Amino acid sequence: EYNITRPKGYTVSYHFNPDMEPHHFGLTHPMKPFRLTLTKSLVTAYGMNFAMDNYNTRIATYEELNSFHTSDYLDYLHMTPPEEMPRDIDNPDKEVKFNLGGSDCPLFHGLYDYCSMSAGSSLDAARKICNKQSDIAIAWGGGLHHAKKSEASGFCYINDIVIAILQLLRCYPRVLYIDIDVHHGDGVEEAFHSTDRVLTCSFHKYAPEVFFPGTGGLDDTGPKSEHNPGAHHAINVPLNDGITDEQYGHLFQSVIGKINEKFRPSVIALQCGADSLAGDRLGRFNLQVQGHGACAKFCKTFGIPMIMFGGGGYTPRNVARAWAYETSVAIDVDEKINKIIPEHTPWRKHFVQEELFPSLEQILGEPRANRNSQKRLQEIIQHVHEQLRFVNA
Ligand code: ZL4
Ligand code: CA
Ligand code: ZN
């Protein structure tokens, strides 16, 4: 039996809306809101809820969504019932507005409510950080980094991260956005491309034409106009298939460590997309739960406030394992328990012999071939360090 207690000296808050689960993108669509409930159950099964402040979050208002998204787009999202909305698959002749109704961003019942709940969780988390009632705020229902101000994209309709960061900017001078989802965090990058108060850094698989969304090359560092204060404040770490915990950890620490030195953020917004894990239905990387969680661990060492968002993650049982583990990182549970959590099975005590437990590698599936050479990774680090000469707090 574990006895999980509150971390000393700081507060962790968990922001969750149980009403997100009943929403469905479609039977075979990869995005499964059910993974949020699965995560919450695992967190609660370990008693981690006793170490945090738990909030059932409210929905974001139209005005709050309007802080980033245009009224045209929101009105369309809000007013048009699914039946009347155009679909490009079923009705290829009909017009598709705002990229809504295709196979990536389908229209479903309660879509607007679902989006308001996701944004509401992230905004509640940001408010708790702003008024110092929380030091690490967790919002696994958010992290939808592709949405643009007037357009849905890649399973994302409302950019809860941008809305949360806009809130943080009211109370903090500089926000560091870090994105470990296997996809490029294009929506967040674009939203802040003209300010030097937000530095964005995304790690992702990069193969334009082949892998979504196709942006985020090493040289994409924000619009390079002389008068743009946001120039150089977008950092991209393009990667190939099969990157391992060891490589990713080294890369993450040298890139984020340097950014922390130069940019001196007052708060961190960390998008923890779990599709960078091995065995993900859409992802291509080979990260284990520990390697993924090591990113959150490293960010925590800076000792500044942090929001942890969800994001992608398409093998639900692994998403729950990773986010439960990262919740345990936030509340700083004993290392011994950390080692147990990723190997969780509810009927653990019924097994007598240790050998009956599968290893994490077995849980997460056969590793993919690693297409990242040490030489290339070293070049990336070198390039990012050079770019950071233009960044000063
Ligand atoms: C699916 O099986 O690369 C959607 C999407 C729906 C159900 C049945 C429809 C079958 C994989 C993906 C047709 C599917 C055709 N269904 C999808 C260029 C594309 C056009 C759409 O993690 N087809 C688009 C988006 C990416 C594309 C990734 C990641 C979000 C995040 C944050 C978004 N879009 C090619 C694909 C399926 C589906 C199966 C799919 N879509 C895989 N990759 C994409 O970063 C939350
Ligand atoms: Ca990313
Ligand atoms: Zn993703």
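Look up: the structure comes first, before these words.
Notes on the structure in this doc start here. The residue numbers shown here count from 1 along each chain, following its written sequence. Chains and ligands are labelled sequentially in the order written, the chains with letters from A and the ligands with numbers from 1. The predicted origin of the model limits local features to residues at a pLDDT of at least 70 and limits the giving and counting of side-chain atom pairs to 80 or more, whereas totals for whole chains, interfaces and linings rest on all residues. Remark: hydrogens and water are excluded; side-chain values derive from all non-hydrogen atoms of the structure.

Thoughts on the coordination of the zinc ion (ligand 3)
For step 1, the next point in the chain: Within the protein, the atoms that donate to the zinc ion (ligand 3) are Asp181 (OD), His183 (ND1) and Asp275 (OD), at distances of 1.9 to 2.0 Å.
For step 2, the next point in the chain: Coordinating N, O and S atoms are those within 2.8 Å of the metal (3.2 Å for Na, K and Ca), and as water is not part of the atoms, a site may appear to have fewer donors than expected. Here the donor residues of the zinc ion (ligand 3) share one chain and are spaced in sequence as D-x1-H-x91-D. Pair noted here: Asp181 is in the loop between strand S4 (175-179) and helix H6 (186-191) and Asp275 is in the loop between strand S7 (267-271) and helix H8 (289-300), with a separation of 94 residues, a long-range link.
For step 3, the next point in the chain: Here the term buried applies to any residue with accessible area under 20% of the maximum for its type, exposed to any over 50%, and partly exposed to those in between, with areas from a 1.4 Å probe on protein chains only. Look at Asp181 and you get buried, because its relative accessible area is 1%. Each helix is a run of H or I in the DSSP string that is no shorter than four residues. Each strand is a run of E no shorter than two, and both are numbered from the N terminus.

Things to note about unusual backbone geometry
What you tend to see is this: most non-glycine residues have negative phi, and most peptide bonds are trans.
For step 1, the next point in the chain: Omega for the peptide link from Phe212 to Pro213 comes to -10°, which places this bond in the cis form.
For step 2, the next point in the chain: Relative to the assigned elements, Pro213 resides in the loop between strand S5 (198-205) and strand S6 (234-239).
For step 3, the next point in the chain: With a phi angle near 80°, Glu209 is a residue other than glycine that sits in the positive phi range.
For step 4, the next point in the chain: Mapped onto the secondary structure, Glu209 falls in the loop between S5 and S6.
For step 5, the next point in the chain: Despite not being glycine, Asp332 shows a phi value in the positive range, around 60°.
For step 6, the next point in the chain: You can see Asp332 is positioned in the loop between helix H9 (316-330) and helix H10 (335-340).

Structural notes on the sheet that holds strand S8 (residues 306-309)
For step 1, the next point in the chain: In short, DSSP must find at least two bridges between two strands for them to pair. Across the sheet, eight strands lie side by side as S2-S1-S3-S8-S7-S4-S5-S6; this open sheet has parallel pairing. With one partner strand each, in any of the chains shown, strand S2 (53-56) and S6 form the two edges of the open sheet. Adjacent strand axes in the sheet meet at a mean angle of 15° when their direction is disregarded.
For step 2, the next point in the chain: Here five bridges tie S4 to S7, and the two strands are oriented parallel to one another. Bridge pairing in S7 places Tyr177 opposite Ala269.
For step 3, the next point in the chain: Between two residues, a contact is recorded if the distance between any of their heavy atoms is within 4.5 Å. All axes are obtained by fitting lines to C-alpha atoms, using only the stretch in contact for helices, and the reported angles, taken between N-to-C directions, cover 0 to 180 degrees. Across the sheet, H9 is in contact with strand S1 (12-16), strand S3 (136-139) and S8; its angle to S3 comes to roughly 165°.

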